[in-house]
Amino acid sequence: MITIKLKYQVEKDDFMKAGQASSNLKKVLKQLGINSKIVRKIAIATYEAEMNIIIHSEGGSIDASIDPEKVKIIVRDRGPGIKDIELAMKAGYSTASQKVRELGFGAGMGLPNIKRCCDEFAIRSSFGEYTELSITIYHSGNNTEEGGE
Amino acid sequence: MTLEEVRHLLDAEVLSGHEYMKKEVSKAFSCDLMSDALTSVEDRTLLLTGLVNPHTVRTAEMLDISGVVFVRGKVPDEDTIKLAKENGIVIMITKYTLYVSSGILYSNGLEGASILHN
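Scope of this entry: the structure provided in the associated data block. (Residues numbered from 1 in each chain as written. Chains lettered and ligands numbered in written order. Predicted model: local features only at pLDDT ≥ 70, side-chain atom pairs only at ≥ 80, totals over all residues. Heavy atoms only, no water.)

Here the focus is the overall build of chain A. Counting its secondary structure elements, chain A contains 5 helices and 5 strands. From first element to last, N terminus to C terminus, chain A shows the α and β order β-α-α-β-β-α-α-α-β-β. Over its C-alpha trace chain A gives a radius of gyration of 15 Å, about what one expects of a compact globule, namely 15 Å for 149 residues. Here the C-alpha coordinates of chain A stretch approximately 40 × 30 × 25 Å along the principal axes. Looking at chain A as a whole, 53% of its 149 residues qualify as buried. Considering only contacts within chain A whose residues lie at least 6 apart along the sequence, 65% involve residues at least 24 apart. Carbon and sulfur atoms make up 49% of the accessible area of chain A, which totals about 7,200 Å². Charge centroids of chain A, computed over 21 positive and 20 negative side chains, lie 1 Å from each other. (Helix = DSSP H or I, 4+ residues; strand = E, 2+ residues; numbered from the N terminus. Rg over C-alpha atoms; globule rule 2.2 N^0.38 Å. Buried < 20%, exposed > 50% of the residue type's maximum accessible area, 1.4 Å probe, protein only. Contact = heavy atoms within 4.5 Å. Areas by Shrake-Rupley, 256 points an atom, 1.4 Å probe, with all protein chains shown as cover. Lys, Arg positive; Asp, Glu negative; His and termini not counted. Charge placed at Lys NZ, Arg CZ, Asp CG, Glu CD.)

What follows is the structure, given as structure tokens:
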């Protein structure tokens, strides 16, 4: 497998297209024959991050790099940033609006859930400027389907 | 338990994925917040929810969920059904509440899916 790079733009408040980037990435990973459990973890982490861009930022991008060993995803947004990262990482803490909660999100599980799904996780933010997540999930040696569908 | 058995037990109507009713589910998860559903990671899970919008189907897609039951008689819109069809996800609607639907399935042997904890 050569290294495959994918880039997705995600717009602020675009709930109609929400999940399209994660859905596309998931389909590519499945086509590459990566283990379905690992694909699911990557899909969950990316979907949570995609929703975060839509809900909390002024827009941003998702860059995925798939090589024979790992999938690395960089999620970077423009926007308010996170004032207190430690607090944002706490399960149940959320600044989401009522509208977002009515859509089924904003339980305050996003960032902790992303961290749980990946092997390496880093978050950087400058308050008032941006938030950047670096998510790495290793798949090497797990490229056979198990469990099936 | 097959999705057909779920349909029968919940007296449900199938709105998408009629061809997949023989698929098996071994666990179930009930919630109205998709953020909570996303903490479930088990194979062959059934999702029961009162949240009727395309995000429910997107969440199901991410989790490899093959069947979604909308409870309390809620009917999804065309966009939601279309997205489910595109992704091969079964959609059913039942008039039972979330509590009663879950109780019926649990008492018939469908256990709860576990979630990831910190």
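There is more to say, and it comes next.
Turning our eyes to something else, we now look at the state of the cysteines. This structure, assessed with the given rule, holds 0 disulfides over all chains. Here Cys117 of chain A is not disulfide-linked; the sulfur of Cys118 of chain A is the nearest cysteine sulfur, at 7.5 Å. Left without a disulfide partner, Cys31 of chain B is nearest to the cysteine sulfur of Cys117 of chain A, which lies 15 Å away. Judged by its relative accessible area of 8%, Cys31 of chain B is buried. (Disulfide = S-S within 2.5 Å.)

Moving on to the packing of helix H1 (residues 20-31) of chain A against helix H3 (residues 54-62) of chain B. Two numbers describe a pair of packed helices, the interaxial angle and the distance between the axes. In contact at an axis separation of 10 Å, H1 of chain A and H3 of chain B are set at 25 degrees when each is read in the N-to-C sense. As the angle between them shows, H1 of chain A and H3 of chain B are arranged roughly parallel. Of the two possible hands of crossing, H1 of chain A and H3 of chain B adopt the one that is left-handed. When H1 of chain A is examined against H3 of chain B, the residues Gln20, Ser22, Ser23, Lys26 and Lys27 of chain A are found in contact with a partner set consisting of Arg58, Glu61 and Met62 of chain B. (Axes fitted to C-alpha atoms, helices over the stretch in contact; angles between N-to-C directions. Parallel < 35°, antiparallel > 145°, perpendicular 65-115°, else oblique. Left-handed = near helix turned anticlockwise from the far one by under 90°.)

All names here are of chain A. The sheet built from 5 strands is open, its strands ordered S1-S2-S3-S5-S4 with antiparallel pairing. This sheet does not close on itself; its edge strands, each paired only once, are strand S1 (4-10) and strand S4 (120-126). Neighbour to neighbour, the strand axes of the sheet diverge by 10 degrees on average, direction disregarded. As paired strands, strand S3 (residues 70-78) and strand S5 (residues 130-138) are joined by 9 bridges and run antiparallel to one another. Along S5, the bridge assignment pairs Lys70 with Tyr138. (Pairing = 2+ DSSP bridges.)

Residues and elements named next belong to chain B. Within the sequence span of helix H4 (residues 78-86), burial applies to Thr80, Ile81, Leu83 and Ala84. In a view along the axis of H4, the buried residues occupy a sector of 160 degrees, so they form one face of it. Away from its buried face by more than 90 degrees, H4 exposes Glu78, Lys82, Lys85 and Glu86. Buried residues in H4 make contact with strand S1 (13-16), H3, strand S4 (67-70) and strand S5 (90-93). (Arc of directions from axis to C-beta.)

Now for helix H5 (residues 98-107) of chain B. Residue and element names in this part refer to chain B. Those residues of H5 not exposed but buried are Leu98, Ser101, Ile104 and Leu105. The buried residues of H5 occupy one face: seen down the axis, they fall within an arc of 135 degrees. Facing away from the buried side of H5, by more than 90 degrees, are the exposed residues Tyr99, Tyr106 and Ser107. Of the surrounding elements, those touching the buried residues of H5 are helix H1 (3-9), strand S2 (27-30) and strand S3 (45-49). After H5 finishes, the residue Gly109 shows a positive phi value of roughly 105 degrees.

All names here are of chain B. Strand order in the open sheet formed by 6 strands is S1-S5-S4-S3-S2-S6, with mixed pairing between adjacent strands. Each of the sheet's edge strands pairs with one partner strand only, and the pair in question is S1 and strand S6 (111-112). Pairing of S2 with S3, which is carried by 4 bridges, proceeds in the parallel orientation. Each residue of the ladder has a partner; that of Ser30, found in S3, is Leu48. Those strands touched by H3 are S3, S4 and S5, and its axis lies near 150 degrees from that of S4. Running at roughly 75 degrees to S1, H4 makes contact with S1, S4 and S5 of the sheet.

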